[in-house]
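# Observations on the three-dimensional arrangement
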Amino acid sequence: MPAHRIEGYVIVSADGMLANADRVMPDALKFEGDKNFFTSALDNADLIVHGRHSGEDQPNSPERKRVILTRRIAALAPDPSNPNATLWNPSGAPFEAACDFAGVDSGTVAVIGGPGVFGMFMDRYDTFWLSLAPKVRLPGGEPCFPGVPQRSPQQILAAHGLKPGEARLLDPENDVSVTPWQRVVAPSRSKPRQTSP
Ligand SMILES: NC(=O)c1ccc[n+]([C@@H]2O[C@H](COP(=O)([O-])OP(=O)(O)OC[C@H]3O[C@@H](n4cnc5c(N)ncnc54)[C@H](OP(=O)(O)O)[C@@H]3O)[C@@H](O)[C@H]2O)c1
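Residues numbered from 1 in each chain as written. Predicted model: local features only at pLDDT ≥ 70, side-chain atom pairs only at ≥ 80, totals over all residues. Heavy atoms only, no water.

### As for the overall build of the protein chain
Each helix and strand in the protein chain was counted, giving four helices and 12 strands. The C-alpha atoms of the protein chain give a radius of gyration of 18 Å, which matches the 16 Å a tight globule of 197 residues would have. Across its three principal directions, the C-alpha atoms of the protein chain cover 70 × 40 × 30 Å. Within the protein chain, residue pairs in contact and separated by at least 24 positions form 59% of the contacts whose partners lie at least 6 positions apart. Carbon together with sulfur atoms contributes 52% to the accessible area of the protein chain, which is approximately 11200 Å² in total. Taking the 20 positively charged and 22 negatively charged side chains of the protein chain as two groups, their mean positions are separated by 8 Å. (Helix = DSSP H or I, 4+ residues; strand = E, 2+ residues; numbered from the N terminus. Rg over C-alpha atoms; globule rule 2.2 N^0.38 Å. Contact = heavy atoms within 4.5 Å. Areas by Shrake-Rupley, 256 points an atom, 1.4 Å probe, with all protein chains shown as cover. Lys, Arg positive; Asp, Glu negative; His and termini not counted. Charge placed at Lys NZ, Arg CZ, Asp CG, Glu CD.)

Structure (structure tokens):
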């Protein structure tokens, strides 16, 4: 059994973007219902993982343990600006070592972006929570995953063995919903019963 449960979170525009052409998440992608969903998910996570330009910027953020990806260090280091953060360069240390360094050896890990970081964990998510703002388009924006827009975010999740569950409406006025994409685990085959000699 893996020690960590890994969950991903993103909100994307109709064209699969997580940020605009300036690589900034615009107000057009911010919705109260989605923010509340995301906040409570992160309050229940044991560890947050993100790239150096991402982060959730919430009142509880300083309390949360986090691992921040960066190439500025060789492998693992404490973050001098945040006692709850570990800096991690995946080319120098595996993810499990980053979790150990952060002091989180089990529990739920929330991966919150950006695109390259989402891509790294694509084969490891237990659930990916894909929030969609279907009335927002961000032409020339930053695609949420490597491979978008050639393929949709949904096609990419499906190609990595995840299947959509029931969508939950987060903002009825703007049709914003979140869909859990869950890993389908093949049932383990029971051993054939031994016949008596
Ligand atoms: N809509 C959403 O839900 C959502 C979610 C997440 C992010 N966003 C938005 O997306 C934008 C950020 O995107 P971004 O492309 O800049 O991504 P990012 O992953 O937040 O930051 C990129 C930086 O993270 C580090 N990094 C990423 N992958 C790495 C790897 N494999 N190995 C080592 N270091 C790695 C590097 O830092 P160094 O430069 O220090 O080496 C890199 O420059 C922001 O505007 C953010 O608000 C939106």
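### A short note on the layout of surface pockets
A volume near 1200 Å³ is recorded for the largest pocket. His53, Ser54, Gly55, Gly113 and Gly114 are the residues nearest the centre of the largest pocket, which is lined by 42 residues in total. Of all the secondary structure elements, the ones that give two or more residues to the lining of the largest pocket are strand E1 (4–13), strand E2 (17–19), helix H1 (32–43), helix H3 (115–120) and strand E8 (127–133). The biggest single contributor to the lining of the largest pocket is H1, with six residues. In terms of residue class, the lining of the largest pocket is made up of 20 nonpolar, 11 polar and 11 charged. Counted as a void, the second largest pocket has a volume near 170 Å³. Pro2, Ala3, His4, Ile6, Glu96, Asp100, Asp105, Asp123, Arg124, Tyr125, Asp126 and Arg183 together form the lining of the second largest pocket. Every element with two or more residues in the lining of the second largest pocket is listed here: E1 and helix H2 (95–102). Tallied by class, the residues present in the lining of the second largest pocket amount to four nonpolar, one polar and seven charged. (1 Å grid on protein atoms, 1.4 Å probe; cavity = no way out; pocket = protein on both sides within 12 Å on 5 of 7 lines; lining within 4 Å. Points joined across faces, edges and corners; volume = space filled by probe spheres on them. Nonpolar A, V, L, I, M, F, W, Y, C, P; charged D, E, K, R; others polar.)

### As for the site of the ligand
Taken together, 23 residues surround the ligand, and among them Arg23, Arg52, Ser54, Thr70 and Glu142 come closest. Separating an oxygen atom of the ligand from a backbone N or O atom of methionine 25 is a distance of 3.4 Å. In the model, an oxygen atom of the ligand is placed 2.7 Å from a nitrogen or oxygen of the arginine 71 main chain. Here the ligand loses 83% of its free accessible area of 910 Å² to cover by the protein chains. The site holding the ligand turns out to be the largest pocket. (Near = heavy atom within 4 Å. Polar contact = N/O pair within 3.5 Å; in protein donor to acceptor, adjacent residues only side chain to side chain. Sits in = over half its atoms within 2 Å of the grid points.)

### Remarks on the environment of leucine 87
Take leucine 87: it is sitting in strand E6 (residues 85–88). With relative accessibility at 14%, the residue leucine 87 sits in the buried group. Note: C-alpha distance between leucine 87 and arginine 72 (15 residues apart in sequence) is 8.8 Å. Apart from the residues lying within four places of it in its own chain, the contact partners of leucine 87 are Ile68, Thr70, Ile73, Ala75, Leu76, Ala77, Pro78, Asp79 and Pro80. (Buried < 20%, exposed > 50% of the residue type's maximum accessible area, 1.4 Å probe, protein only.)

### Focus: the nonpolar core
Formed by 32 residues in total, the largest nonpolar core has its most connected members in Val49, Val111, Phe121, Tyr125, Phe128 and Phe145. Looking at this core, the element that brings in the most residues is H2, giving four residues. Those residues in contact with phenylalanine 128, other than ones at most four positions away along the chain, are Gly8, Tyr9, Val10, Phe118, Phe145, Leu157, Leu162, Thr179, Pro180 and Trp181. (Core = buried A, V, L, I, M, F, W, Y, C linked by side-chain atoms within 4.5 Å.)

### Considerations on the side chain of aspartate 79
Along the chain, aspartate 79 falls in the loop between strand E5 (76–78) and E6. The buried charged residue aspartate 79 lacks any salt bridge partner; its closest oppositely charged side chain belongs to arginine 66, at an N-O distance of 7.5 Å. Reaching out from aspartate 79, the side chain makes a polar contact with the side chain of serine 81 at a distance of 2.8 Å. In this structure aspartate 79 touches Ile68, Ala85 and Leu87, once residues within four positions along its chain are discounted. (Salt bridge = Lys/Arg side-chain N within 4 Å of Asp/Glu carboxyl O.)

### Here we look at the side chain of asparagine 89
Inspection of the secondary structure puts asparagine 89 in the loop between E6 and H2. Exposure remark for asparagine 89: the relative accessible area of 8% places this residue in the buried category.

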